[in-house]
Amino acid sequence: MTASQLTLFNSLTRSLEPFTPGDGVTARVYSCGPTVYNFAHLGNLRAYVFTDTLRRTLAWKGYPVRHVINITDVGHLTSDADAGEDKMELAAAGLGKDIWEVAAFYTAAFKRNLADLNILDPSLWSVATDHIADMIAFAEKIAPAHCYEIESGLYFDVKTVPDYGLLARAVSDEGESRIDPVSGKRNPQDFAIWRKSPPGEQRQMEWDSPWGRGAPGWHLECSVMSLKYLGPEPFDIHTGGIDHREIHHPNEIAQNQAYCGCTTEQPGFTGARFWMHNNFLVDRGGKMSKSAGGFTTLQSLIDAGVHPLAYRLLCLSAHYRSELEFSADAVAAALTRLKRLVMTVGKLGVEDGDADPAYLACLDAALSDDLNTPMALVALDELLADKRLSPADRRATIAAFDTTLGLRLRDIARGELRIAPAEAALAPEAIEAQLDERQQARAAKDFARSDAIRDALIAAGVDVMDGDPLRWEWRVTLR
Ligand code: AMP
Ligand code: ZN
């Protein structure tokens with residue numbers, strides 16, 4: 001197989017660049033993790049399907065991967081600017097629960113989501129509140145040359161580092177200050193390093209610091225934990241959703257520059273060599289917002305009878321830098337496509353022959369081209385349809401697609417894909433029995449009977465697909 005050069009889109013330069021690990025061996029990757037005040041919505045999960053694809057691709061290219069994902073359990077405010085309340089405190093108060101319980105509950109739910117999506121565990125989960133002392137030490141180091149104290153806390157002066165906001169390209173005075181500006185800031189883009197607890201108020205999460213009792217600003221944790229576990233030399237790749245390109249990552253870069261002693265004469269250093277961003281999953285129905293309260297979780301799809309890997313397939317069917325539109329139809333189509341793939345692979349038997357070098361090269365070329373998963377899926381379709389290869393050889397080649405795309409096509413059982421919807425009034429066996437009866441009625445040309453059965457099933461929330469070539473006779477109705 002001829003291997004292609006891996007190229008990745010670097011948001012810093014807004015261009016495709018060849019990638020090899022900085023140390024020539026291990027790829028070191030940091031991914032901004034979830035704020036655990038609620039369930040992750042499907043959009044959040046797209047970000048981790050992307051990092052998983054990146055990680056699997058790096059491993060495919062022969063690089064051991066050291067991957068860190070953080071868990072934000074403190075500091076993230078209801079706006080990315082330093083205004084509003086701490087999301088965690090707010091959620092705990094709303095639920096009448098202890099904030100640590102809330103964090104533990106949603107952290108576990110998030111990890112379950114990743115497992116359902118066959119996303120590999122990172123080498124390290126790094127929890128923000130386990131690193132408060134590190135954050136204070138980091139802040140103490142950068143404070144003299146880069147920070148100033150005002151009533152509400154310690155702030156970072158963005159004019160003290162080179163090219164603040166280069167990653168975002170367009171820095172406007174609006175971004176940070178639009179909503180409820182903090183009084184006393186020198187520049188609108190200045191951001192909190194440490195937020196003092198307001199006098200007379202006690203937070204559930206607060207710590208003593210040289211700047212008073214309070215909590216770290218949200219951006220601090222990612223600089224501290226990424227440099228601690230992957231630095232201090234620039235590590236390889238920092239990932240996040242495209243929203244982070246505007247505020248969170250420019251602020252991280254500013255902190256990293258300050259920490260590593262960059263002056264305005266030394267631009268260039270950002271802490272990571274590549275900054276990569278996935279585009280959004282968009283929902284024209286407006287459900288995809290965790291903070292707005294209305295959102296679609298992975299569990300809600302599973303409850304509707306959709307296997308979580310169908311959502312993974314939906315994500316892979318678009319390039320990570322393109323917007324992906326979410327709809328019930330798109331999910332249903334992905335589920336049908338997944339079933340078709342699983343059924344086709346199932347027909348190849350259980351024997352493994354030899355992987356086909358031409359298809360491996362196609363897969364390699366697609367992934368090496370900035371993780372072009374839609375192209376990899378085309379190669380997969382072609383492979384499955386290629387009768388010139390023996391079934392055993394096709395099956396052996398699919399192993400490489402499973403390793404990189406994570407769809408479990410070789411080991412998932414057809415029955416696993418048929419999830420009984422939580423709300424279905426009928427048990428799967430009862431549905432099967434009804435469908436058998438309906439088939440007999442149709443065979444006997446008793447269409448009145450067949451229609452009556454179908455109507456009863458539809459009333460019970462089961463969508464009957466006539467003429468389904470896969471003979472996957474039923475699915476749930478997605479609403
Ligand atoms: P959060 O828990 O809000 O910190 O977000 C976790 C990750 O999801 C971050 O990398 C965000 O950039 C990303 N993200 C948020 N909304 C979406 C969306 N609709 N589509 C894709 N990624 C998103
Ligand atoms: Zn982050």
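Residues numbered from 1 in each chain as written. Chains lettered and ligands numbered in written order. Predicted model: local features only at pLDDT ≥ 70, side-chain atom pairs only at ≥ 80, totals over all residues. Heavy atoms only, no water.

Caption draft 1: Structural context of the site of ligand 1. Not every one of the 17 residues close to ligand 1 is listed here, only the nearest: Thr35, Gly43, Gly241, Asp243 and Leu281. In the model, an oxygen atom of ligand 1 is placed 3.1 Å from a nitrogen or oxygen of the Asn44 side chain. A distance of 2.9 Å separates a nitrogen atom of ligand 1 from a polar backbone atom of Leu281. When ligand 1 is considered free in solution it has 500 Å² of accessible area, and contact with the protein chains removes 94% of it. For the shell around ligand 1, the secondary structure elements donating two or more residues are α1 (42-60) and β10 (235-241). With four residues, α1 is the single largest residue contributor to the shell around ligand 1. Within the shell around ligand 1, the residues separate by chemical class into five nonpolar, 10 polar and two charged. (Near = heavy atom within 4 Å. Polar contact = N/O pair within 3.5 Å; in protein donor to acceptor, adjacent residues only side chain to side chain. Areas by Shrake-Rupley, 256 points an atom, 1.4 Å probe, with all protein chains shown as cover. Helix = DSSP H or I, 4+ residues; strand = E, 2+ residues; numbered from the N terminus. Nonpolar A, V, L, I, M, F, W, Y, C, P; charged D, E, K, R; others polar.)

Caption draft 2: Spatial organisation of the side chain of Thr57. Note on placement: Thr57 falls in helix α1. A relative accessible area of 1% places Thr57 in the buried class. Side-chain polar atoms of Thr57 contact the backbone oxygen of Thr53, separated by 2.7 Å. Leaving out residues up to four positions away in the same chain, Thr57 has contacts with Leu6, Leu367 and Leu371. (Buried < 20%, exposed > 50% of the residue type's maximum accessible area, 1.4 Å probe, protein only. Contact = heavy atoms within 4.5 Å.)

Caption draft 3: Here's a closer look at the packing of helix α9 (residues 308-316) against helix α10 (residues 328-346). Here α9 crosses α10 at 105°, and the two axes come no closer than 8 Å. In this view, α9 runs roughly perpendicular relative to α10, as classed from their interaxial angle. Contacts from Leu309, Ala310, Leu313 and Leu314 of α9 reach α10 at Ala330, Val331, Ala334, Leu335, Arg337, Leu338 and Leu341. When its residues are assigned to classes, the contact of α9 with α10 shows 10 nonpolar, no polar and one charged. (Axes fitted to C-alpha atoms, helices over the stretch in contact; angles between N-to-C directions. Parallel < 35°, antiparallel > 145°, perpendicular 65-115°, else oblique.)

Caption draft 4: Region of interest: the nonpolar core. Residues Phe156, Ile193, Tyr311 and Leu409 are the most contacted members of the largest nonpolar core, which totals 105 residues. Counting the residues that make up this core, at least three belong to each of domain 1 (7-282) and domain 2 (306-417). Among all residues touching Leu409, those that are not within four sequence positions of it are Leu338, Leu341, Val342, Val345, Leu380, Ile398 and Asp402. With 16 residues, the next largest nonpolar core counts Phe19, Met276, Tyr320 and Leu371 among its residues. (Core = buried A, V, L, I, M, F, W, Y, C linked by side-chain atoms within 4.5 Å. Domains from an automatic or database assignment.)

Caption draft 5: How the structure looks around the environment of Phe235. Mapped onto the fold, Phe235 is located in strand β10. We classify Phe235 as buried; its relative accessible area is 0%. Sequence separation of Phe235 and Ala272 is 37 residues, and the distance between their C-alpha atoms is 4.8 Å. Among all residues touching Phe235, those that are not within four sequence positions of it are Arg28, Tyr30, Ser226, Leu227, Leu230, Gly271, Ala272 and Arg273.

Caption draft 6: Broad picture of the confidence of the model for the protein chain. Of all residues in the protein chain, 89% attain a pLDDT of 70 or more, and the chain-wide mean is 89. Per-residue pLDDT stays below 50 along residues 175-179; that stretch engages in 13 contacts with residues further than four places along the chain or on separate chains. (pLDDT = per-residue confidence, 0-100.)

Caption draft 7: A look at the coordination of the zinc ion (ligand 2). On the protein side, the zinc ion (ligand 2) has Cys32 (SG), Cys222 (SG) and His248 (NE2) as donor atoms, found 2.0 to 2.1 Å from it. Here the donor residues of the zinc ion (ligand 2) share one chain and are spaced in sequence as C-x189-C-x25-H. Note that Cys32 is positioned in the loop between β3 (27-31) and α1 and Cys222 in helix α6 (residues 218-230), a separation of 190 residues in sequence. For Cys32, a relative accessible area of 6% puts it in the buried group. (Donors = N, O, S within 2.8 Å, 3.2 Å for Na, K, Ca; no water.)

Caption draft 8: Here's a closer look at the sheet that holds strand β5 (residues 124-127). With parallel pairing, the five strands of this open sheet are ordered in space as β5-β4-β3-β10-β11. This sheet does not close on itself; its edge strands, each paired only once, are β5 and β11 (272-278). Neighbour-to-neighbour, the strand axes of this sheet turn through a mean angle of 20°, independent of strand direction. When β3 meets strand β4 (residues 65-71), the two strands line up parallel, connected through five bridges. Counterpart to Tyr30 in the pairing with β4 is Val68. Here α1 sits on the sheet and contacts β3, β4, β10 and β11; the angle it forms with β4, its principal contact strand, is near 165°. (Pairing = 2+ DSSP bridges.)

Caption draft 9: Examining the packing of aromatic side chains more closely. The final tally for this structure, using the stated rule, is 12 aromatic pairs. Ring geometry for Phe39 versus Tyr106: centroids 5.0 Å apart, planes at 90°, classification edge-to-face. Taken as a pair, Phe39 in the loop between β3 and α1 and Tyr106 in helix α3 (residues 99-116) lie far apart in primary sequence, 67 residues in all. With relative accessibility at 30%, the residue Phe39 sits in the partly exposed group. (Phe/Tyr/Trp six-rings, centres within 6.5 Å; stacked < 30°, edge-to-face > 60°.)

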